[in-house]
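# Geometric and topological summary
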Amino acid sequence: MNPIPNYRTLGRLLLCAGLAACAMASAGAAPAQRERILINADWRFQMGDPAGTSDSLRYDVRPEVKASEDGKAADAVPDAAVKAGAAQVPVLKPWILPTGNAFIRDPARRHQRPAQEPKLDVAYLKAGYDDSAWKRVNLPHDWAIAGPFLEQGPYGGVGRLPSWGIGWYRKQLAIPASDKGRSIFLDVEGAMSYASVWLNGKLVGGWPYGYNSWRVDLTPYVVPGGANTLAIRLDNPPESSRWYPGGGIYRNVWLTKTEPVHVGQWGTHVKTAKVSKASAEVALDVTVDNGSGAAASVEVATAIYNLDDKGARTGGVVATIAPARIQLAAGGSGTASGSVVIANPRLWGPPPTQRPNRYLAVTTVKRDGAVIDSYETRFGVRDVRMDPDKGMFVNGEHIPFKGVNNHHDLGALGAAFNVRAAERQLEILIEMGTNALRMSHNPPAPELLELTDRMGIVVIDEVFDVWERKKTALDTHLIFPDWHEQDLRSMLRRDRNHPSVVIWSVGNEVGEQYSGEAGAAIGRRLTAIAHEEDPSRPTMTAMNYARADMPLPTSVDMISLNYQGAGIRTNPGRFPEFRARFPDKVIFSSESASALSSRGEYQFPVTGALTSPVRPDAGGDWSTHQVSAYELYAADFGTSADRSWAAQDQYPYVAGEFVWSGWDYLGEPTPFYSARSSYSGMIDLAGFKKDRFYLYQARWRPELPLAHILPHWTWPGREGKVTPVHVFTSGDEAELFVNGKSQGRKKRTEFEYRLRWDLVTYEPGELKVVAYKQGKEWATSTVRTVGDAARLELAPDRKQIRADGLDLSFVTLRVADKDGNTVPMAKNQVKFSIEGPGEIVATDNGDPTSFVPFPSAERPAFNGLALAIIRSKPGQAGAITVRAHAPALQGASVTLQAK
């Protein structure tokens, strides 16, 4: 996991992206010889290369793309790789490959940096280059999210935003003369993609994969006390993604300074064993690197502390791991191992029945009696067992997967990671009953795993969407042969101390499902790497095609099926055949449902079936490109929640599900590739709950009294027409009333998950449902016909935010009638404004067809709702007033406090 070390000087301002983990050392603690400095502020940014230099700056030759395949079916069969032609000019690949050497286990396979430096005459690399006209940006930065949306294309697959291209970032680094003799590293948590790093005109290294975190060693190129010009070039190809990847350095960037002898990158590995309420054994491996030219003898010791609910160290030492001495050759590494038994451990486990308790291991490295490094590792003590008959057990308790898949974008904020935005996503998912998250289909920001640790959400950590066969012409199949070991091992080492991570996923719907034994051989190789780095967690690869009698399922530890459990299109559900072939493996749905809907859009007639694909006048409106919100319609390869649950509930050995998807996301807008964002979330892109949210909440939180009615009951012009009413409830029966007249009492039967009154005739007034559980009244809900739009109302998710330039408040706008009821089909044009030490970062309304740029302060409401995202200004406290105006409506305002 990401260590949070102490810092040498308290006078240095350190912004930590809102993580409690970034606390300074406790008062009175001895200063350590390690600094970790966030360098997100004040970069210069420019799109494109200087004229005539692009060829000389290429990582490698790429295949020619003759035609875009954007918009092809999401489950299309991947293709064999296309061989690129020979390079006509030298490429940078030989100089960049050595960056990953630390993650190649076999020394004979590691890459030797060419003796000669690349000969380039590129203005942007020169220290004296004047970049004052470049755009000033702070990281994390997504160069494409501001738009404007592209009208030509189609480019629907990536959300009609210009994420591809070449981008340059430059920054002057302050490296004091006192740093002479120290090791200095640049740590990049994510940059999209094909990054090359240059310091003082010299090529330091780079990393092609846009989702991995990585490090380059600046030490040989730094001039302590002098000018140090850092330049990072990104080359994000077109036709390289099936969803919106973002563009730019979209996660945090750090300078890490250490003594030459220090704990290595992600150099600790915590393992827990013999876990019970009475005791637990905690073992720790610490890898120490010797970057000096002389051998060294060091002593490694570790003290363990409690962390509180916010991730801050609390109390005294809980336990200590005895010092261990190791000998380090010049330029070599060594590992110190030790263990301790903790009595009455505070166990980590998912709420609501358990608590996500955590510990902090503080490791010190001494040489000749003096501390030369201090390194902190967060971890949890928990026992996770995977049972093929029932699924996952955490600390002895059966925990079914109530999971979702989420892509990495944060809606209107794009790929640029923000802790509060990610936390809000998780909070809403937890409210729905979610206890598990699959990172689809790439390593997440490390801060996201800090959140899942703190909030108690179990995680499938996933590394690849493709192996050697391609899904898009220029996707990561191009780098897989050279980089798969480095990419996988780096993710495993970064993330293996996170207690929330319970499964390693080595692939998603890979083309090697179709290539028989050759594909299985790759799966076995990846699984072997995972077991070498972390034997405590099982592996999976999500399969939407491979059958039980094919080779690929044999190559991983678990059977994870995308849609196959319930059946794809006309194919039958395949849980039984996988169970028969693999009785000793856990089976679950790694992607279930892929139901589609637009929030608040109800179309008639309504299918009487349990599930239906979206078709013209059958769940889909081809004129508006909206999908009906009756939550019965799905992608062609998917199904409604109802059918998916019926398939799961027939087989008690199924360990649970990860629904596609938790939130709507940018790109992949099935079935309308003219749109900007997906339709598959239970929550729309702005964070507003769709009806499907309550369908899942009723199943996943059966203890919560709930009765949710759909549709709304304001239908001018539908008087006297059949308007079906559906109820999602955690009860087992319910009675529906229209203007006080009963429409009948219905009881749920086996494999039924909603109650339907499909022959209700619309008349204005009131819909009311009374739900019962075991014969007793359980929950009630009422929906009324509302009046015309009369006023606006604003409601922030938080009225107080930190004045750090990072914290956010998400302000919901409602279009209401004179009595305060939301007007369900209102699409009034709304303008936001702000006063005080804050800014409107973005707005949205959840409409997948909207092409209003996200930074715009003006946009229409969508079915009664819109959103403004407010950010504080760094170091400026005070009142922030947000106002909303709309023609002919009473405006609204709300005041926030930045502290």
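Structure's up top.
Residues numbered from 1 in each chain as written. Predicted model: local features only at pLDDT ≥ 70, side-chain atom pairs only at ≥ 80, totals over all residues. Heavy atoms only, no water.

A few words on the overall build of the chain. Per the secondary structure count, the chain includes 8 helices and 49 strands. With respect to the principal axes defined by its C-alpha atoms, the chain has extents near 90 × 60 × 60 Å. Of all 899 residues assigned to the chain, the portion counted as buried reaches 60%. Taking the contacts inside the chain whose residues are at least 6 apart along the sequence as the reference set, 73% of them involve residues at least 24 apart. When the accessible surface of the chain is totalled, it reaches about 32300 Å², and 51% of it is carbon and sulfur. Distance between charge centres in the chain, computed from 101 positive and 99 negative side chains, equals 3 Å. (Helix = DSSP H or I, 4+ residues; strand = E, 2+ residues; numbered from the N terminus. Buried < 20%, exposed > 50% of the residue type's maximum accessible area, 1.4 Å probe, protein only. Contact = heavy atoms within 4.5 Å. Areas by Shrake-Rupley, 256 points an atom, 1.4 Å probe, with all protein chains shown as cover. Lys, Arg positive; Asp, Glu negative; His and termini not counted. Charge placed at Lys NZ, Arg CZ, Asp CG, Glu CD.)

Spatial strand order, β34-β35-β38: 3 strands in an open sheet with antiparallel pairing. The sheet is open, and its two borders are formed by β34 (707–710) and β38 (755–757), each paired with just one other strand. On average, adjacent strands in this sheet sit at an angle of 20° to one another, irrespective of strand direction. Examined bridge by bridge, β34 and strand β35 (residues 725–729) share 4 bridges and lie antiparallel to one another. Note on β35: the bridge partner recorded for I709 is V727. Contacts from helix α8 (residues 691–700) reach β34 and β35 within the one sheet, and its direction differs from that of β35 by about 40°. (Pairing = 2+ DSSP bridges. Axes fitted to C-alpha atoms, helices over the stretch in contact; angles between N-to-C directions.)

Before going further, it helps to spend a moment on the pattern of salt bridges. Considering all chains together, one arrives at 68 salt bridges under this definition. Across the pair D285 and K271 runs a salt bridge, and its minimum N-O distance is 2.6 Å. Of this pair, D285 sits in strand β12 (residues 279–290) while K271 sits in strand β11 (residues 261–273), placing them 14 residues apart in sequence. A relative accessible area of 32% places K271 in the partly exposed class. (Salt bridge = Lys/Arg side-chain N within 4 Å of Asp/Glu carboxyl O.)

The final tally for this structure, using the stated rule, is 38 aromatic pairs. Look at F45 and W143: their rings are 5.9 Å apart centre to centre, the planes differ by 25°, and that puts the pair in the stacked class. Within this pair, whereas F45 is found in strand β2 (residues 43–47), its partner W143 is found in the loop between β3 (135–137) and β4 (165–172), the two being separated by 98 residues in sequence. Neither residue differs from the other here; F45 and W143 are each classed as buried. Judged by centre distance (4.8 Å) and plane angle (75°), the rings of W645 and Y696 are edge-to-face. Taken together, the residues W645 in helix α7 (residues 641–649) and Y696 in helix α8 connect sequence positions 51 residues apart. The class for W645 is buried, based on a relative accessible area of 0%. Among the aromatic residues, those joined into a ring-pair cluster are Y209, Y211, F464, W467 and F480. One cation-aromatic arrangement involves R346 over Y359; the distance from NZ or CZ to the ring centre is 5.8 Å. Here R745 stacks its cationic end above the ring of Y772, 3.7 Å away from the centre of that ring. (Phe/Tyr/Trp six-rings, centres within 6.5 Å; stacked < 30°, edge-to-face > 60°. Lys NZ or Arg CZ within 6 Å of the ring centre and 35° of its normal.)

Attention now goes to the environment of G836. Relative to the helices and strands, G836 is located in the loop between β44 (829–835) and β45 (838–844). Distance in space between the C-alpha atoms of G836 and K72 is 47 Å, their sequence separation being 764 residues.

Across the interface, α7 lies against α8 with an axial gap of 11 Å and an inter-helix angle of 25°. As far as their axial angle goes, α8 and α7 are roughly parallel. Seen from above, α7 lies across α8 with right-handed handedness. Residues A641, D642, W645, Q648 and D649 of α7 form the contact with α8, whose own contacting residues are L695, Y696 and R699. When grouped by side-chain class, the residues that make up the contact of α7 with α8 number 4 nonpolar, 1 polar and 3 charged. (Parallel < 35°, antiparallel > 145°, perpendicular 65-115°, else oblique. Left-handed = near helix turned anticlockwise from the far one by under 90°. Nonpolar A, V, L, I, M, F, W, Y, C, P; charged D, E, K, R; others polar.)

The strand order across the open sheet formed by 5 strands is β42-β49-β48-β44-β46, and the pairing between neighbours is mixed. Pairing within the sheet leaves two strands with one partner each, and these edge strands are β42 (800–801) and β46 (858–860). Strand direction decides the pairing type here: strand β48 (residues 878–885) and strand β49 (residues 892–898), joined by 7 bridges, are antiparallel. Note that in β49 the partner of I880 across the bridge is L896.

Before going further, it helps to spend a moment on the environment of S240. Along the chain, the position of S240 falls in the loop between β9 (229–236) and β10 (253–258). Spatially, the C-alpha atom of S240 lies 22 Å from that of G519, the residues being 279 residues apart in sequence. Separated by 2.8 Å, the side chain of S240 and the backbone oxygen of P237 make a polar contact. (Polar contact = N/O pair within 3.5 Å; in protein donor to acceptor, adjacent residues only side chain to side chain.)

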